[in-house]
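Observations on chain architecture
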Amino acid sequence: MTAEVIDGKAFAATVREKVAGHVARLKEEHGITPGLAVVLVGEDPASQVYVRSKGKQTVETGMNSYEHKLDADTGEAELLALIDQLNNDPAVHGILVQLPLPGHLNEDLVINAIAPEKDVDGFHISNVGLLATGQKAMVPCTPLGCLMMLRDHHGNLSGMNAVVIGRSNIVGKPMAQLLLRDSCTVTIAHSRTRDIEEVCRRADIVVAAVGRPEMVTGDWIKPGATVIDVGINRIDAPEKGEGKTRLVGDCHFDSCAAVAGAITPVPGGVGPMTIACLLANTVTACCRAHGLAEPEGLTA
């Protein structure tokens, strides 16, 4: 068996098209332009790349982009004051504070200072609780992207056995909650799981989000299962030359693809969906703020 490759880059482009269509309708019918504010503290190179990409894609879909770049030594009080200002700005519908923050800043305190209805990352403790209890919440972007791809591939997920490898607050736990809401039977596996290979072999869906390069191999996969690889790991690639590296996922792609029914590649799988879902969340937040119908196909 050769797995179908789920093209996250193409799927993300489709999501962005839907977002742009909703934005155009909000402008035309209601005179509203969704706005996304991104706060970057410090000069982490990877974070700078992410923020530039987010800003570019926000503008391309017709939304307003507000970028706030603060020095690495910015104090907690100054950062919290900015968040309070954005919370009270009616032109801003989504707020994202780029992580990681410099070590002197308390990430939990900062995240929970964001108004829950503007928390488009879905990390606020209120949104975590709402998601866990099956209520309307802002959903973390990466798990939302995974869910969209699974729904697109399978249609109805009801009754499927799903294993989520990894228990992080950002991906593993919310992914499990979303799969439960779609009536999957869900197991969360992690570093202490006994006989993890056998646990995975029973799954119709495997979502790997553990941060260990190529940990999941083909002999872990049930024939025909769907594999969603969230991992992004950089490893040495001597075949490319001295000092060269390449990106791999948490799954060994070739061996898993030989057994699975469908699989996401790395790069080009889950990654592009994360920013696309950030844009989708911003439109959703805008619609909720104005008492309008939520955008179809862009929420959980």
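As a reminder, the structure under discussion sits directly above these lines.
Residues numbered from 1 in each chain as written. Predicted model: local features only at pLDDT ≥ 70, side-chain atom pairs only at ≥ 80, totals over all residues. Heavy atoms only, no water.

Before going further, it helps to examine the environment of Gly31. Counting through the fold element by element, Gly31 comes out in the loop between helix 1 (8-30) and strand 2 (35-41). Taking C-alpha positions, Gly31 is 29 Å from His124, a pair spaced 93 residues apart along the chain. (Helix = DSSP H or I, 4+ residues; strand = E, 2+ residues; numbered from the N terminus.)

Bringing the pattern of salt bridges into the picture now. Following the criterion strictly, the structure yields 8 salt bridges and no others. Measuring nitrogen to oxygen at the nearest pair gives 2.7 Å for the salt bridge that ties Asp204 to Lys222. Of the two residues, Asp204 sits in the loop between helix 8 (196-201) and strand 7 (205-208) while Lys222 sits in the loop between strand 7 and strand 8 (226-229), which places them 18 residues apart along the sequence. Overall, the relative accessible area of 30% leaves Lys222 in the partly exposed class. (Salt bridge = Lys/Arg side-chain N within 4 Å of Asp/Glu carboxyl O. Buried < 20%, exposed > 50% of the residue type's maximum accessible area, 1.4 Å probe, protein only.)

This part covers the sheet that holds strand 2. One open sheet accounts for 3 strands, arranged 3-2-4; its pairing is parallel. At either end of the open sheet lies a strand with only one pairing partner, and these are strand 3 (64-70) and strand 4 (94-97). Put simply, the sheet's adjacent strands are angled 15 degrees from each other on average, direction ignored. Bridge count between strand 2 and strand 4: 4 bridges; the pairing is parallel. Its bridge partner lying in strand 4, Ala37 is registered against Ile95. Most of the contacts of helix 3 (residues 76-87) go to strand 2, to which it runs at about 180 degrees, and overall it touches strand 2, strand 3 and strand 4. (Pairing = 2+ DSSP bridges. Axes fitted to C-alpha atoms, helices over the stretch in contact; angles between N-to-C directions. Contact = heavy atoms within 4.5 Å.)

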